[in-house]
Amino acid sequence: TSTVRYSFANDIISLNCEKFIFLHIFVLLNIPLMSIDFDSLLEGVNKKDMRAWEDLYAGYYAVLCSYVNNILRDRDQAQDIVQDVLVAVWKSSKQFGDMKELTSYLYRSCYNNALIYKRNVQIRKGIEQNRSFKYLRERLKGSVLLFLI
């Protein structure tokens, strides 16, 4: 695997590319890098270790919320979607081989759920508009409409 060199707090840290995105999340949140053991974190996530999940939540929640909010432009719904995805991963029996797989899975799940939410909102709006149109048509049945131009 290729290696990325990243300078932080006057230290040079070499990381595999699959861990690079995860590193950026921790840098953005000011989590001390020297305390991150990606292998044990991944192992803990796979074993449903509560401490590892707390670290995962702390590292991903805000970034995923921002990502989903950019799609939906609805902060509350973005938070709900991210929380649902993290809970679904916790409840699932899925095992992740590396941090890249886990990160990709979380982003893809959030993306898909955001698109599903947008689609459902559009469907609901269409139904509401259709109901409003039917209601108006029934109320105006037999009436003469005058249009002013």
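What you see is a predicted model; the values in this text were computed from it and never measured.

Reading guide: rules and limits
Residues numbered from 1 in each chain as written. Predicted model: local features only at pLDDT ≥ 70, side-chain atom pairs only at ≥ 80, totals over all residues. Heavy atoms only, no water. Bend = angle between axes of the 7 residues up to and from the residue. Helix = DSSP H or I, 4+ residues; strand = E, 2+ residues; numbered from the N terminus. Buried < 20%, exposed > 50% of the residue type's maximum accessible area, 1.4 Å probe, protein only. Contact = heavy atoms within 4.5 Å. Phe/Tyr/Trp six-rings, centres within 6.5 Å; stacked < 30°, edge-to-face > 60°. 1 Å grid on protein atoms, 1.4 Å probe; cavity = no way out; pocket = protein on both sides within 12 Å on 5 of 7 lines; lining within 4 Å. Points joined across faces, edges and corners; volume = space filled by probe spheres on them. Nonpolar A, V, L, I, M, F, W, Y, C, P; charged D, E, K, R; others polar. Disulfide = S-S within 2.5 Å. pLDDT = per-residue confidence, 0-100.

## Side note on helix H3 (residues 50-72)
Roughly 35° is the biggest bend found in H3, and it falls at Tyr60. Phi turns positive one or two residues past the end of H3, at Arg73, with a value near 60°.

## Quick word on the side chain of Asn69
Relative to the helices and strands, Asn69 is located in helix H3. According to the relative accessible area criterion, Asn69 is buried, its value standing at 18%. Setting aside its immediate chain neighbours within four residues, Asn69 contacts Asp74, Arg75 and Ala78.

## Details of the packing of aromatic side chains
In total, this model carries 4 aromatic pairs according to the counting rule given. With 5.0 Å between their ring centres and 90° between their planes, Trp53 and Trp90 make a pair best called edge-to-face. Of this pair, Trp53 sits in helix H3 while Trp90 sits in helix H4 (residues 75-91), placing them 37 residues apart in sequence.

## Regarding the layout of surface pockets
For the second largest pocket, the calculated volume is near 150 Å³. Every residue along the wall of the second largest pocket is listed here: Met50, Trp53, Glu54, Tyr57, Gln83, Leu86, Val87 and Trp90. Where the lining of the second largest pocket is concerned, the elements lending two or more residues are H3 and H4. Looking at the lining of the second largest pocket residue by residue, the classes come out as 6 nonpolar, 1 polar and 1 charged.

## Some thoughts on helix H2 (residues 38-46)
For H2, the complete set of buried residues consists of Phe38, Leu41, Leu42, Gly44, Val45 and Asn46. Where H2 terminates, the next one or two residues include Lys48, which has phi positive at roughly 60°.

## A closer look at the state of the cysteines
Evaluated as defined, the whole model comprises 0 disulfides. A disulfide-free cysteine, Cys65 has its sulfur positioned 7.9 Å from the sulfur of Cys110, the nearest such atom. According to the relative accessible area criterion, Cys110 is buried, its value standing at 0%.

## Some remarks on the confidence of the model for the protein chain
Looking at the protein chain, the pLDDT average stands at 78 and 68% of residues meet or exceed 70. Of all secondary-structure elements in the protein chain, the lowest mean pLDDT belongs to strand S1 (residues 3-8), at 38, while H4 reaches the highest, 95. Counting contacts from residues 1-20, a segment whose pLDDT is below 50, to residues more than four positions away or on other chains yields 37 contacts.

## Some remarks on the environment of Val89
Structurally, the position occupied by Val89 is in helix H4. Residue classification places Val89 among the buried residues on the basis of a relative accessible area of 2%. Counting along the chain gives 17 residues from Val89 to Leu106, while the straight-line C-alpha distance between them is 8.3 Å. Those residues within four positions of Val89 in sequence are excluded, and the remaining contacts are Lys48, Trp53, Phe96, Tyr105 and Leu106.

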